Amino acid sequence: FVSEMLSAQGFGGPGKMKEYHYAGAVENRFSPYAFNGGTVLAVAGEDFAIVASDTRLSEGYSIHSRDSPKCYKLTDTTVIGCSGFHGDCLTLTKIIDARLKMYKHSNNKTMTSGAIAAMLSTILYSRRFFPYYVYNIIGGLDEEGKGAVYSFDPVGSYQRDTYKAGGSASAMLQPLLDNQIGFKNMEGVQHLPLTQEKAVQLVKDVFISAAERDVYTGDALRVCVITKDGINEQTIPLRKD
Amino acid sequence: MALSTVLETPGAGFNFENATRNAALEGLFGGGQTPKPLKTGTTIAGVVFKDGVVLGADTRATSSEVVADKMCAKIHYISPNIYCCGAGTAADTEKTTDLLSSNLSIFSLNSGRNPRVVMAVNILQDMLYRYHGQIGANLILGGVDCTGNHLYTVGPYGDINKVPYLAMGSGDLAALGILEDGFKHNLELEEAKELVRASIHAGIMSDLGSGNNTDICVITKQGVDYIRPYQESEYKDKRNIKYRYRPGTTPVLTEKVVTLKLEVVQEAVQKMDTA
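Residues numbered from 1 in each chain as written. Chains lettered and ligands numbered in written order. Predicted model: local features only at pLDDT ≥ 70, side-chain atom pairs only at ≥ 80, totals over all residues. Heavy atoms only, no water.

### Here we look at the packing of aromatic side chains
Here a ring pair, both rings aromatic, is described through the centre-centre distance and the interplanar angle of the planes. Residue and element names in this part refer to chain A. So the rule is basically this: In this analysis, rings of Phe, Tyr and Trp, with Trp reduced to its six-membered ring, are considered paired at centre separations within 6.5 Å, and the interplanar angle assigns stacked below 30 degrees, edge-to-face beyond 60, and tilted for intermediate values. Labels follow the DSSP assignment, with helices taken as runs of H or I lasting at least four residues and strands as runs of E lasting at least two, numbered in each case from the N terminus. The buried label goes to any residue with under 20% of its type's maximum accessible area, the exposed label to any with over 50%, and the partly exposed label to all in between, with areas taken from a 1.4 Å probe on protein chains only. Criterion for a charge above a ring: Arg CZ or Lys NZ at most 6 Å from the ring centre, at most 35 degrees from the ring normal.
Following the criterion strictly, the structure yields 11 aromatic pairs over all chains and no others. Pairing tyrosine 33 with tyrosine 133 gives two aromatic rings, centres 5.6 Å apart and planes at 85°, and the pair type is edge-to-face. In this pair, tyrosine 33 is assigned in the segment before strand E1 (39–44) and tyrosine 133 in the loop between helix H2 (113–125) and strand E7 (134–141), connecting sequence segments 100 residues apart. In this structure tyrosine 33 comes out as partly exposed when scored by relative accessible area, which is 28%. Relative to tyrosine 158, the ring of phenylalanine 152 has its centre 5.2 Å away and its plane inclined at 10°; by these criteria the two rings are stacked. According to the relative accessible area criterion, tyrosine 158 is partly exposed, its value standing at 33%. One aromatic cluster in this structure is built from Tyr33, Phe35, Phe85, Phe130, Tyr133, Tyr135 and Tyr216. When the ring centre of tyrosine 132 is taken as origin, the NZ or CZ atom of arginine 127, which lies over that ring, is 4.5 Å away.

### Some words on helix H3 (residues 117–130) of chain B
Residues and elements named next belong to chain B. Where we set the bar: Helix span, as expected, comes to 1.5 Å for every residue beyond the first. Residue contacts follow a heavy-atom distance rule, with two residues in contact if any of their heavy atoms lie within 4.5 Å.
Compared with the 20 Å implied by 1.5 Å per residue over 14 residues, the 20 Å span of H3 between its first and last C-alpha is a close match. Of all the residues in H3, the buried ones are Val117, Met119, Ala120, Val121, Ile123, Leu124, Met127 and Leu128. On its buried face, H3 is in contact with strand E6 (82–88), helix H2 (90–111), strand E7 (137–145), strand E8 (148–154) and strand E9 (160–162). With its phi angle positive at about 45°, histidine 132 sits one or two positions after the end of H3.

### Description of helix H5 (residues 189–206) of chain B
In this model H5 of chain B runs 26 Å from its N-terminal to its C-terminal C-alpha over 18 residues, within 8% of the 26 Å that 1.5 Å per residue would give. Of the surrounding elements, those touching the buried residues of H5 of chain B are strand E4 (62–65) of chain A together with strand E1 (44–49), strand E2 (52–58), helix H4 (172–182), strand E11 (214–220) and strand E12 (224–231) of chain B.

### Overview of the UniProt feature "active site" (unreviewed entry) in chain B
All names here are of chain B. Put simply, the test is: UniProt positions are given in the numbering used here, feature names are shortened, and annotations may be inferred rather than shown by experiment. By the criterion applied in these results, polar contacts are pairs of N or O atoms within 3.5 Å in which, for protein atoms, one can donate a hydrogen and the other can accept it, and in which residues neighboring in sequence qualify only through two side-chain atoms.
Listed under "active site" (unreviewed entry) in the UniProt record, and renumbered for this structure, are Thr42. On the secondary structure map, threonine 42 appears in the loop between helix H1 (17–26) and E1. Owing to a relative accessible area of 1%, threonine 42 belongs among the buried residues under this scheme. Among residues more than four places away in sequence, those in contact with threonine 42 are Asp58, Lys74, Gly86, Ala87, Met168, Gly169, Ser170, Gly171, Asp207, Gly209 and Ser210. Only 3.2 Å separates the side chain of threonine 42 from the side chain of lysine 74, close enough to count as a polar contact.

### Thoughts on the interface of chain B and chain A
Put simply, the rule reads: For any pair of parts, buried area is found by adding up, for both, the accessible area (1.4 Å probe) each one loses once the two are put together. In what follows, salt bridge is the name for a side-chain nitrogen of Lys or Arg lying within 4 Å of a carboxyl oxygen of Asp or Glu.
The interface is formed by 33 residues belonging to chain B together with 33 residues belonging to chain A. In total, chain B and chain A occlude about 2800 Å² of area from one another, counting both sides; carbon and sulfur atoms represent 52% of this. The largest per-residue losses of area from chain B upon contact with chain A belong to Glu65, Leu208 and Tyr235 of chain B, which jointly make up 25% of the total buried on that side. In this structure, the connection of chain B to chain A is made through 2 salt bridges. A salt bridge links lysine 70 of chain B to glutamate 212 of chain A, with the shortest nitrogen-to-oxygen separation between them at 2.6 Å.

### Some points on the confidence of the model for chain A
Detailed reading of the predicted coordinates is not advisable wherever pLDDT falls low. Where we set the bar: Each residue gets a pLDDT score, which is the predictor's confidence in that residue and runs from 0 to 100.
For chain A, per-residue confidence averages 90 on the pLDDT scale, and residues scoring 70 or more make up 89% of the total. Below pLDDT 50 for its whole length, residues 1–13 of chain A participates in 5 contacts with residues either more than four positions away or in separate chains.

### Some thoughts on the pattern of salt bridges
Applying the stated criterion to the full structure yields 17 salt bridges over all chains. Put simply, glutamate 144 of chain A and lysine 146 of chain A hold a salt bridge, and the shortest N to O gap is 3.4 Å.

### Details of the pairing of E6 of chain B
Residues and elements named next belong to chain B. Cut-off, in case you're wondering: Any two strands with at least two DSSP-identified bridges between them are counted as paired.
Summarising burial for E6: 7 of the 7 residues are buried, a large majority. Neither face of E6 is left uncovered, since the one carrying Ile82, Cys84, Gly86 and Gly88 and the one carrying Tyr83, Cys85 and Ala87 both have all their residues buried. Taken together, the 4 bridges between strand E5 (residues 75–79) and E6 define a ladder with antiparallel strand orientation. Across the sheet, the residue bridging to serine 79 is isoleucine 82, located in E6. Here E5 hands over to E6 after 2 residues, the two strands then running antiparallel side by side. With 7 bridges connecting them, E6 and E7 associate as antiparallel partners.

This is the structure in structure tokens:
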């Protein structure tokens, strides 16, 4: 009378217990990136540009800081908004600042918005195989004094836009901007040119909406309005919960 | 008379057929993802005070990083003297508490007694243990019965703890900080309500998964006071511009009108007494 030990694995007997997989050695990979949240937005008008961002810095479900704006002033006519991994945002802006200084010393003139955009594209692509985890949007005035917005992806692809949203709530903001600034999906509406006052109010409203539904957006809104007279900054409170 | 089947455990023991089927389904979505269950990402808290139990919860339900519901109810009715706060997967907490509530009302009708909190806790524990954590429900059960005021916590794997104060959910550490600092035995009603409100508020401010308003439920021997919302969020979403669309803004591409031919078959008039 021989009895056989039935192993737990693959035993399809009366209890019909399926295969139980033992995981073995578990490797926890170190990830060099973190997602710190945040939303940025830029709008170009006839003779002005607006770059706005929320000021919340988060990680997972916690808040690191309620006062960490994502707009950085580059020149008197250009502001960049960076969201994504905060470590890369800081390093990237330092690199851009250094390159701006080098250009100024070599060429005795300040870089224009278009030139900064082209340069940023090459800086980002130089790290094609270990990218900067940053979503950039540059807002400023071009050589003719008209508003310009350049939007980037993490590896340097860019284009000039009239308006663009980036960061965690970008998918919520972009359709609203398409409708209100681009007059998309509407018929029989007068295409009035965007005034500076209406643009600032629209940006504030749009961020209030984003803070309602996106957990990573909130605390406060920093709005930078760029005109030929300089850069004007305002801070508006958003929901903190 | 035979007792209804409510308190009998199903004969099959561990039933994991669906768990393996779900794992198999993961691969079938062609590179996409199986629909993610809605998690509440919550702050819930409970405190035992002199005359009863106070339960509190926030009202935000998140679906990963998007707020799905700004006013969801996380304090569930179990029986007239027992309420339950739920954190974790929203569907799991809803259905588990509904099932428990139905079973306990059958029990009440059969035995003519109010259910005791220990009964509720044991039924929950049986069910959750049987599913070995597949049901993602983190519950805080509070109630008043003939043996006193009780507060229990039940975890998804079926572990229970009987405690005088507790917080659960993603905002539990923030809430627990306030509770640890302010809790004393035999608090008065207003002190207990304020303590729970403050702890939920801490969770709402510090945790991204919790937010919006605070609900409170006070259970005493005299009855239940379900205050929803107890504290409204101080942030109002007031917009600067009015966004209005004239009729005709959405273009009509095609229009098809199908007339319904109706015949009057029978007509009957009944006068209403409107005196």
